[in-house]
Amino acid sequence: MQEEKKSENKQLEEKLFYKKESSWLDYDENREKEVFAFAEDYKDFIGKSKTERLCVKNIIEILEKSGFKTIDKFTSLKKGDKGYRVFKGKTVTAFVVGDDPASLRIIGSHLDSPRLDLKPNPLYQSHELALLQSHYYGGIKKFHWVNIPLELHGVIFTREGKEISLSIGSNPGDPLFIIPDLLPHLAKDQMKKEATKVIEGEELNIIFGHIPIRDKEIKEGIKLNILKYLNDRYGLIEEDFITAELEFVPAQRPIDIGLDRGLVAAYGHDDRVCVYSSLRALVDATDVSKTAIGYFSDKEETGSYGDTGAESFALINFASHYIRLTGLDLSPWMLLENAKAISADVTGAMDPTFSSVNDPQNVSYLGKGVSIEKYGGGGGKYNTNDAHAEYTQYMRHLAMKNKIPWQTGEMGKLDIGGGGTIAMFMSRYGMDCIDVGPCLLGMHSPCEVASKGDIFSAYLLYKAFFMD
Ligand code: MN
Ligand code: MN
């Protein structure tokens, strides 16, 4: 059959209109295999990186396997050297020195995700149960966290100062934990409440035990039995909860979604999907002409404040250290001002069921490639770095040149809400910075959904950025 010749206007339409199609249409069979293989590696990583400490541990493992050494082992740095700096077990700055050590390419992501921490004195007994009072971390819909199995990870110090690492729930056969919701039969009043109050912060109490110690004289026998268990096994006493960072996270394993397995659901895509894809980009990048830096920050979900957050002086401290080792003759401030950066973070995807919160022509769609967002923030462009047109063009050109599927968008309609990233903190130094990352469904829920195609295109663009 002879192909119908396109009319002049049809050709004009194709030439002039901005149109993005699913990136899956561009992938041939081999590329699709790569996409799926990358997703399997990612699932393995994110499934065991459910807290910032675990994430840092697994980042280091990958770095060490790829020949990176801790920065303390270097007395000087030269082209090709691969190192990393860990700060307080919660952030990592990893680098590969390029031909031109005075030019930096930084990709910053965050390795914390919303979760349930504990109050300082959390353990109590009530109505035949021992429970833990939690203190939620980050922006959650609190009602998401009831009736789902939870794992426990973290550290706790004994009175003598011994550090105990706890990881309960991730191994087969481990017990798990849960916060039960009210049964619908008795929820008439609860169901009338507004959603922020359906489950309130003070109601996020986690079941920790149930069997009392065999002694009728003891009033709080269940609590005592739990403390006895913790003492027998780890040498802990109740006061030790004060000197602990114990985190409860969804026990959900990363899983494929859909018959075609094009999507992956997991806890903590925000932002470990960018952590992993930028880490892999750093490890896989070859022959970098500029120094490539992967900056994995903490505390983004609570505003990036604090010593391990991106609002701290982490980057400038690293730059000082780096200058000392490379012998560069410039100030750390100028080094950072001259850098180019990506704020690697996720954005919201168009949800067919809740499409009204988005402007359909300015939102990211699952599968259309990594999203390049000129700015994030909310309202009248608050809490963001609005990347310059020059730099946006640079990123667009980089994607085009390397044939990487990409799209753009904003998070939500203008007056509905918004969300911050670390772009505004990295850009303070004067470096060019733009948000680049995959879009998600169910963001900040215990089980977020991403397209395997977008995860892979994020990886490709991060790698192209490092190698440019
Ligand atoms: Mn994020
Ligand atoms: Mn977030």
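## Focus on the overall build of the chain
The helix and strand inventory of the chain stands at eleven helices and 22 strands. Expected size for 468 residues packed as a compact globule is a radius of gyration near 23 Å; at 24 Å, the chain falls within 12% of this value. Taking the principal axes of its C-alpha atoms as reference, the chain extends roughly 90 × 60 × 45 Å. Every one of the 468 residues in the chain was classed for burial, and the buried ones make up 51%. The contacts of the chain with a sequence gap of at least 6 include a subset with a gap of at least 24, amounting to 75%. Averaged over its 57 positive side-chain charges, the chain has a centre that lies 2 Å from the centre of its 69 negative ones.

## Considerations on helix α6 (residues 269-284)
Relative to the 22 Å expected for 16 residues at 1.5 Å per residue, α6 spans 21 Å between its end C-alpha atoms, a close match to the ideal helical length. A large share of α6 lies buried, amounting to 15 of its 16 residues.

## Thoughts on the sheet that holds strand β12 (residues 263-266)
The strand order across the open sheet built from five strands is β11-β12-β22-β21-β15, with neighbouring strands paired in mixed fashion. Edge strands, defined here as strands with exactly one partner in the open sheet, are β11 (255-257) and β15 (347-348). Strand direction decides the pairing type here: β11 and β12, joined by three bridges, are antiparallel. Opposite Ile257, over in β12, you have Leu263 as the bridge partner. Packing of helix α11 (residues 452-467) onto the sheet brings it into contact with β11, β12, β21 (439-441) and β22 (448-451), and relative to β22 it is tilted by some 65 degrees.

## Some thoughts on the sheet that holds strand β4 (residues 100-110)
As summarised here, the arrangement of the nine strands in space is β1-β2-β3-β13-β4-β14-β20-β16-β18, forming an open sheet in which the pairing is mixed. Across the chains shown, the open sheet's two edge strands, defined by having one partner strand only, are β1 (69-70) and β18 (406-407). Of the pairings in the sheet, the one linking β4 to strand β14 (residues 340-343) comprises four bridges and is parallel in character. What sits directly across from Ile106, in β14, is Ala341. Where α6 meets the sheet, its contacts fall on β3 (91-96), β4, β13 (290-297) and β20 (432-437), and the angle it forms with β4 comes to roughly 150 degrees.

## Side note on the coordination of the manganese ion (ligand 2)
The manganese ion (ligand 2) binds to the protein through Asp270 (OD), Glu301 (OE), Glu301 (OE) and His444 (NE2); the donor distances cover 2.1 to 2.6 Å. The motif formed by the donor residues of the manganese ion (ligand 2), counted along the single chain, is D-x30-E-x142-H. In this structure, the manganese ion (ligand 2) lies 3.4 Å away from the manganese ion (ligand 1), the two metals sharing Asp270 as a donor. Pair noted here: Asp270 is in helix α6 and His444 is in the loop between β21 and β22, with a separation of 174 residues, a long-range link.

## Observations regarding the coordination of the manganese ion (ligand 1)
Between any two of four tetrahedral donors, the ideal angle at the metal is 109.5 degrees; between two of six octahedral donors, it is 90 or 180 degrees. Those donors, His110 (NE2), Asp270 (OD), Asp345 (OD) and Asp345 (OD), are the protein atoms that reach the manganese ion (ligand 1), and they lie 2.2 to 2.5 Å from it. Each donor residue of the manganese ion (ligand 1) lies on one chain, and together they are spaced H-x159-D-x74-D. Overall, His110 belongs to the buried group, its relative accessible area being 1%.

## A short note on a nonpolar patch on the surface
A cluster of nonpolar side chains, namely Leu12, Leu16 and Phe17, defines an oily patch on the protein surface of about 340 Å² accessible area. Locating Leu16 in the fold gives a position in helix α1 (residues 8-16).

## Focus on the side chain of Ser297
One can find Ser297 in strand β13. Residues contacting Ser297, with those up to four places away along its chain left out, are Thr91, Ser109, His110, Leu111, Asp112, Thr308, Ala310 and Ile422.

## Regarding the domain arrangement of the chain
Partitioning the chain into domains gives domain 1 (19-113 + 267-467) and domain 2 (116-250). Both sides of the domain 1 and domain 2 interface together cover about 1,300 Å² of buried area, and 55% of this is carbon and sulfur. Sorting the residues of domain 1 by area buried against domain 2 places Lys50, Arg53 and Pro446 first, and these three jointly supply 38% of that buried surface. Summed over the shared surface of domain 1 and domain 2, the result is three salt bridges. With a closest N to O distance of 2.5 Å, Arg53 and Glu245 form a salt bridge.

## As for the pairing of strand β2 (residues 82-87)
Pairing of β1 with β2 involves two bridges; the strand directions are parallel. Across the sheet, the residue bridging to Lys69 is Gly83, located in β2. Bridge count between β2 and β3: six bridges; the pairing is antiparallel. If you follow Arg85 over to β3, its bridge partner there is Thr93.

## With respect to the pairing of β4
The buried count for β4 comes to eight of eleven residues, which makes it a mostly enclosed element. Sheet analysis places β4 next to β13, joined by eight bridges and oriented parallel. Within β13, the residue paired with Arg105 across the bridge is Ala292.

## Some words on the pattern of salt bridges
Any two side chains of opposite charge can pair if their charged atoms end up close together. In this structure the tally under the stated criterion is 30 salt bridges. A salt bridge links Glu61 to Lys65; the shortest N-O distance between them is 3.9 Å. Here Lys65 and Glu61 lie together in helix α3 (residues 52-65), a separation of four residues that amounts to about one turn. Look at Glu61 and you get partly exposed, because its relative accessible area is 37%.

The rules behind these values
Residues numbered from 1 in each chain as written. Chains lettered and ligands numbered in written order. Predicted model: local features only at pLDDT ≥ 70, side-chain atom pairs only at ≥ 80, totals over all residues. Heavy atoms only, no water. Helix = DSSP H or I, 4+ residues; strand = E, 2+ residues; numbered from the N terminus. Rg over C-alpha atoms; globule rule 2.2 N^0.38 Å. Buried < 20%, exposed > 50% of the residue type's maximum accessible area, 1.4 Å probe, protein only. Contact = heavy atoms within 4.5 Å. Lys, Arg positive; Asp, Glu negative; His and termini not counted. Charge placed at Lys NZ, Arg CZ, Asp CG, Glu CD. Expected span 1.5 Å × (residues − 1). Pairing = 2+ DSSP bridges. Axes fitted to C-alpha atoms, helices over the stretch in contact; angles between N-to-C directions. Donors = N, O, S within 2.8 Å, 3.2 Å for Na, K, Ca; no water. Patch = residues over 30% accessible without salt bridge, like charges linked within 9 Å, V, L, I, M, F, W, Y side chains within 5 Å. Areas by Shrake-Rupley, 256 points an atom, 1.4 Å probe, with all protein chains shown as cover. Salt bridge = Lys/Arg side-chain N within 4 Å of Asp/Glu carboxyl O. Domains from an automatic or database assignment. Buried area = accessible area lost by both parts, 1.4 Å probe.

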